[in-house]
Amino acid sequence: MKILVTGGAGFIGSAVIRHIIDSTADSVVNLDKLTYAGNLESLLDVSDSERYAFEQVDICDSMALQRVFQEHQPDAVMHLAAESHVDRSIDGPATFIETNIVGTYTLLEATRQYWQGLETARKAAFRFHHISTDEVYGDLEDPEALFTETTPYAPSSPYSASKASSDHLVRAWSRTYGLPMLITNCSNNYGPYHFPEKLIPLIILNALEGKPLPVYGKGNQVRDWLYVEDHARALYKVVTEGVVGETYNIGGHNEKQNIEVVHALCELLDELRPMQTPVGASLLAINDLADAQIKHQPMRSYKELITHVQDRPGHDLRYAIDASKIQRELNWTPVETFESGIRKTVEWYLGHADWVERVKSGAYQLWLDKNYARRNDKP
Ligand code: NAD
Ligand code: TYD
C-alpha cells in the first residue's frame, strides 16, 4: 500500500511515518508545507528509505495536490496537516481557518477527483483517514464522564472549532459523495520530537535552562496523555483495519492535572539531571522568583521554578477519552503507561540537545516572548 501522509514533518505525522517505514512494508508520500512546526530532521532515520518520498506542498494549493495524486497514485490518505496550537489560535485564528478548514476542503476535493477516477477494486479499497482531536467535544463538566464517539461537538477555542469544522466536512464528503473515510479523535500526545511550544517539552526545556515553568492559572486542568508512538500504532490500525465511515476515539487512560504533569517532569529531571546551585547567567533568567530564596540558597528541585501565570482565555478544564471502541473492535491498547512514557520523553530530550537547538529558530523565540510576556506572571 502507498499512503499519502499530510503533515508528516510534524510531531505526530513524523511518528506515523517512522512507524510505517520501520514496522510495515508500505510506502509513504509525506506532503507537508513545512510551517514553523514542520521539521524534516524528525524523519532522518527513515528518509533514505526507497519507500519514502517528500513533497513540499500546501494543502490549500489545489493544483499542487492534483499533481501529487496523479504522480504518486496513493491507496490511502492519512490527513494530519493542521495548525495545532491552541494559544496560537487565540492569538491569530486566520491560519487555523485557512489550513484546518479551507485546507481540508481543498484536500477532500482533490482526493474525491482522484478517487472517482480509480478503477473499481482500487476505488473500493481506498481510504481517507482524517486525524482529529478530543478537543472538538469541549469541556467535560461531570468529573466522572468520558468522551465517546457520540459525544456532541462543543468546541471552545478557534483551534478546536476549526478541527470540528474539518470533521464535519469529512463526514459530509462521505455521506454525499461516498468517499470512504474514517475519523479518529485523540487526546493529548507527548513524546520525542514534540515542538517545544506545547506544555511537556516547554517545561523540560525551560527547566534545563533555569527559566520559570509557566503553569496557566491554578494548573488544575485535566488532560488525558497518550505516548505518541502508541497513537501512531493506533492510526495505522485504523487506516488498515477500521470500518469505513466509523469514528474511533483514541486515548491513554492517563488523566492528569497539569500541575501533576509538571511535578512529574521536575522529579524526573531532579533524578536524571540534578539542578546546580544557580550562578551567573542562570540567575538572570530566573530573577522573577523570590530573590532571597534563589540567590542565597542552593536549589534542591526544579519545582522551585514553577510559576503560576495568567490563564488561557476559554480554557477547557477537563478532557478524558473512552477508548473502549478501538480496544474492542481493533484490539488496540497503549503500550506505554504515563510513568514509562514520560521517562522515555525526558530521556529523549536530554539526549537530543542538537535537535532542540535547531528547532528553536528566531520565529519560535518571538512566539515565546509574545505568549509569556503578556501573561505577566499572575494566575
Ligand atoms: P504539528 O503542529 O506538530 O504538525 C503539523 C504539521 O502540519 C507540520 O509539519 C506543518 O508543517 C504541517 N502543515 C501545517 N499547515 C500546513 C499546510 N497548510 N499544508 C501542508 N502542511 C501543513 O501537529 P501535531 O501535534 O503533529 O498534530 C497532527 C494532527 O493531529 C493535527 O491534525 C492535530 O489536530 C491532531 N491532533 C494532535 C494532538 C496533539 O496532542 N498534538 C492530539 C490529537 C490530535
Ligand atoms: P498544550 O500542550 O498547549 O495542549 P492543549 O492546549 O492542546 O491541551 O497544553 C496542555 C495543557 O497545559 C493545557 O491545559 C494548557 C496548559 N499549559 C500551561 O499550563 N502552560 C503552558 O506554558 C502551556 C503551553 C500549556
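First things first, this report covers the structure right here in the doc. (Residues numbered from 1 in each chain as written. Chains lettered and ligands numbered in written order. Predicted model: local features only at pLDDT ≥ 70, side-chain atom pairs only at ≥ 80, totals over all residues. Heavy atoms only, no water.)

### Here we look at the pairing of strand β5 (residues 127–133)
Counting buried positions along β5 yields seven of seven residues, so the element is predominantly enclosed. Side chains R127, H129, I131 and T133 of β5 all project onto a buried face; the interleaved residues F128, H130 and S132 project onto the opposite face, where all are buried too. The pairing of strand β4 (residues 76–79) with β5 spans four bridges and is parallel. Looking at β5, one finds that M78 is bridged to H129. Bridging between β5 and strand β6 (residues 181–186) involves six bridges; their strand directions are parallel. Following the sheet pairing, H129 is matched in β6 by L182. With helix α6 (residues 158–177) bridging β5 and its parallel neighbour β6, the resulting β-α-β unit is right-handed. (Buried < 20%, exposed > 50% of the residue type's maximum accessible area, 1.4 Å probe, protein only. Helix = DSSP H or I, 4+ residues; strand = E, 2+ residues; numbered from the N terminus. Pairing = 2+ DSSP bridges. Right-handed = clockwise from strand over helix to strand, strands pointing away.)

### Focus on the site of ligand 2
Taken together, 17 residues lie around ligand 2, and E135, Y216, R312, H315 and Y372 are the ones closest in. N188 is positioned such that a nitrogen or oxygen atom in its side chain is 2.9 Å from an oxygen atom of ligand 2. Where the shell around ligand 2 is concerned, the elements lending two or more residues are α7 (199–208) and β8 (213–216). In terms of residue count, β8 provides more of the shell around ligand 2 than any other element does, three residues in total. In the shell around ligand 2, the residues fall into seven nonpolar, five polar and five charged. (Near = heavy atom within 4 Å. Polar contact = N/O pair within 3.5 Å; in protein donor to acceptor, adjacent residues only side chain to side chain. Nonpolar A, V, L, I, M, F, W, Y, C, P; charged D, E, K, R; others polar.)

### Here we look at the environment of N206
Relative to the assigned elements, N206 resides in helix α7. Along the backbone, N206 and Y302 are 96 residues apart, and their C-alpha atoms lie at a distance of 9.9 Å. Residues within four places of N206 in sequence aside, it is in contact with K211, P212, L213 and P214. (Contact = heavy atoms within 4.5 Å.)

### Describing the environment of K163
Along the polypeptide, K163 turns up in helix α6. On the accessibility criterion, K163 (5% relative accessible area) is buried. Between the C-alpha atoms of K163 and G242, which are 79 residues apart in sequence, the distance is 21 Å. With residues near it in sequence (within four places) discarded, K163 still touches A82, N100, H130, I131, S132, T133 and V136.

### Here we look at the side chain of T104
Inspection of the secondary structure assignment puts T104 in helix α4 (residues 94–116). By relative accessible area, which is 1% here, T104 ends up buried. Only 2.7 Å separates the side chain of T104 from the backbone oxygen of N100, close enough to count as a polar contact. Apart from residues lying up to four places away in sequence, T104 is in contact with I59, H79, T99, H130, S166 and V170.

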